[in-house]
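Examining the three-dimensional arrangement
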Amino acid sequence: MKKIFNFILLALLVVSLVAISGCADKTANENTNQTAGQAVASAGTVNEKVYVIGTEPYFPPFEYADANVSSEIIGFDVDLMNAIAADQGFKVEWKDLEFDALIPALQSGQIDIIVSGMTITAEREDAVDFTEPYINAGLALAVAADNEEIKSVDDLKGKVAAVQQGSTGSLEAEKLKAEGKIGDIIYLAHVNDIILNIQNGRADFTINDLPVTQAYMSQNPGVIKIVDDEITSDAYGFAVKTGNTELLTMLNQGLENVKKDGTYDQIMDKYF
């Protein structure tokens, strides 16, 4: 009887050890699988490319602060770049900079792409690489809505210009001043400041990109008017650091794709 009892105890001990061993193996396998899953997720995060985009968000309708969420930048350029990023499989991070600080920031590596209604010019092409043009944007001459004196560039003798620092409008104003066709130039950071100077009489006119001027007039009727919408014929492009052909190719391919699939036209309809 004693032998039988000892045999039963031994059998129970063996069964218990097998059960414990099975649980240990299962836990080890679960831990291994969990670790592997975390490694895959981590690798996915590490490999996901994020490009830092520099913009001056006071240039509606291309880039400006959302009235409902002041920290969020919205606009035509923003929607277009987000569409290109989705098409090409990368993410973007937006950085608020003054317009004339954008190219130095790109050259120093603080940002990867300039998306800020930047006109393609020969001078800028010496400093950065531009994508293919994504919108036509010539310069327009605008004055206060009640100004009946200025009707063209020929009427600007001795008149004061308010322009955005570093813009093609400022370059055109400097050219006209050098030719003796205008008076002084006031350089300002943002479009709203330019309009304010025209309203309070400190400036007589502005030279700025046609789509931006039209957008301001649409949102603020009766403040300014365009008297000449064909001073120059220009185009905007996105800019990358000189020699960054990989990123430039991605942006051009993405731009081509969103034009082909209709996304570009949808964004145009939204803002224009």
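This text gives an overview of the structure that appears in the document. None of the values given here were measured: they were computed from a predicted structure. (Residues numbered from 1 in each chain as written. Predicted model: local features only at pLDDT ≥ 70, side-chain atom pairs only at ≥ 80, totals over all residues. Heavy atoms only, no water.)

**Looking at the environment of Asp209**
- Tracing the backbone shows Asp209 in strand β12 (residues 205–209).
- Given a relative accessible area of 4%, Asp209 falls into the buried group.
- In this structure, the C-alpha to C-alpha distance between Asp209 and Asn136, residues 73 residues apart in sequence, is 9.7 Å.
- Of note is the side chain of Asp209, whose polar atom sits 2.2 Å from the side chain of Tyr236. (Helix = DSSP H or I, 4+ residues; strand = E, 2+ residues; numbered from the N terminus. Buried < 20%, exposed > 50% of the residue type's maximum accessible area, 1.4 Å probe, protein only. Polar contact = N/O pair within 3.5 Å; in protein donor to acceptor, adjacent residues only side chain to side chain.)

**Observations regarding helix α6 (residues 191–199)**
- Among all positions of α6, only Val191, Ile194, Ile195, Asn197 and Ile198 are buried. Mapping the buried residues of α6 onto a view down its axis gives an arc of 160°, with all of them on the same face. Residues Asn192 and Gln199 are exposed on α6 and point more than 90 degrees away from its buried face.
- Downstream of α6 by one or two residues, Gly201 has phi in the positive range, about 85°. (Arc of directions from axis to C-beta.)

**Points about the pairing of β12**
- Where burial is concerned, most of β12 is hidden: five out of the five residues are buried.
- Of the strand pairs in this sheet, strand β9 (residues 139–144) and β12 are connected by five bridges, and their pairing is antiparallel. Bridging from a neighbouring strand, Leu139 pairs with Asp209 of β12. (Pairing = 2+ DSSP bridges.)

**Things to note about unusual backbone geometry**
- Note that the residue after Pro60, namely Pro61, is joined by a cis bond; omega there is 5°.
- Its place among the elements puts Pro61 in the loop between β2 (58–59) and β3 (63–65).

**A short note on the nonpolar core**
- Judged by nonpolar contacts, the single largest core of 35 residues is most densely connected at Phe76, Leu80 and Ile113.
- Not counting the four nearest positions on each side in its chain, Leu80 is found in contact with Tyr134, Phe238, Leu255, Val258, Tyr264 and Ile267. (Core = buried A, V, L, I, M, F, W, Y, C linked by side-chain atoms within 4.5 Å. Contact = heavy atoms within 4.5 Å.)

**Here's the deal with the sheet that holds β3**
- Pairing in this open sheet of three strands is antiparallel, and the strands run β2-β3-β4 from one edge to the other. The open sheet has two free edges, formed respectively by β2 and β4 (73–74), since each of these has just one partner strand.

**Things to note about the sheet that holds strand β6 (residues 113–114)**
- Ordered by their spatial adjacency, five strands build an open sheet running β5-β1-β6-β15-β7, and the pairing between neighbours is mixed. The strands lining the two open edges of the sheet, one partner per strand, are β5 (91–96) and β7 (128–130).
- Inspection of the sheet shows β6 paired to strand β15 (residues 239–241) by two bridges, in the antiparallel sense. Bridge assignment links Ile114 to a residue of β15, and that residue is Ala239.
- Sheet strands touched by helix α2 (residues 76–88): β1 (50–55), β5 and β6. Its angle to β5, the strand with the most contacts, is close to 155°.
- In the packing of helix α8 (residues 245–260) onto the sheet, contacts are made with β1, β6, β7 and β15, and the angle to β15 comes to roughly 160°. (Axes fitted to C-alpha atoms, helices over the stretch in contact; angles between N-to-C directions.)

**Considerations on the side chain of Thr119**
- As for its position among the elements, Thr119 is in the loop between β6 and α4 (122–125).
- Looking at Thr119, the relative accessible area reads 1%, which means it is buried.

**Description of the packing of aromatic side chains**
- Evaluation of the coordinates by the stated rule reveals twelve aromatic pairs.
- Relative to Phe272, the ring of Phe76 lies with its centre 5.4 Å away and its plane at 65°, an arrangement referred to as edge-to-face. With Phe76 in helix α2 and Phe272 in the segment after α9 (263–271), the pair connects residues that are 196 residues apart, well separated along the chain.
- Exposure remark for Phe272: the relative accessible area of 44% places this residue in the partly exposed category.
- Through a chain of ring-to-ring contacts, the aromatic side chains of Phe59, Phe62, Phe76, Tyr134, Tyr236, Phe238, Tyr264, Tyr271 and Phe272 assemble into a single cluster.
- The ring of Tyr264 has Lys259 sitting right over it, with the charged end atom 5.2 Å from the ring centre. (Phe/Tyr/Trp six-rings, centres within 6.5 Å; stacked < 30°, edge-to-face > 60°. Lys NZ or Arg CZ within 6 Å of the ring centre and 35° of its normal.)

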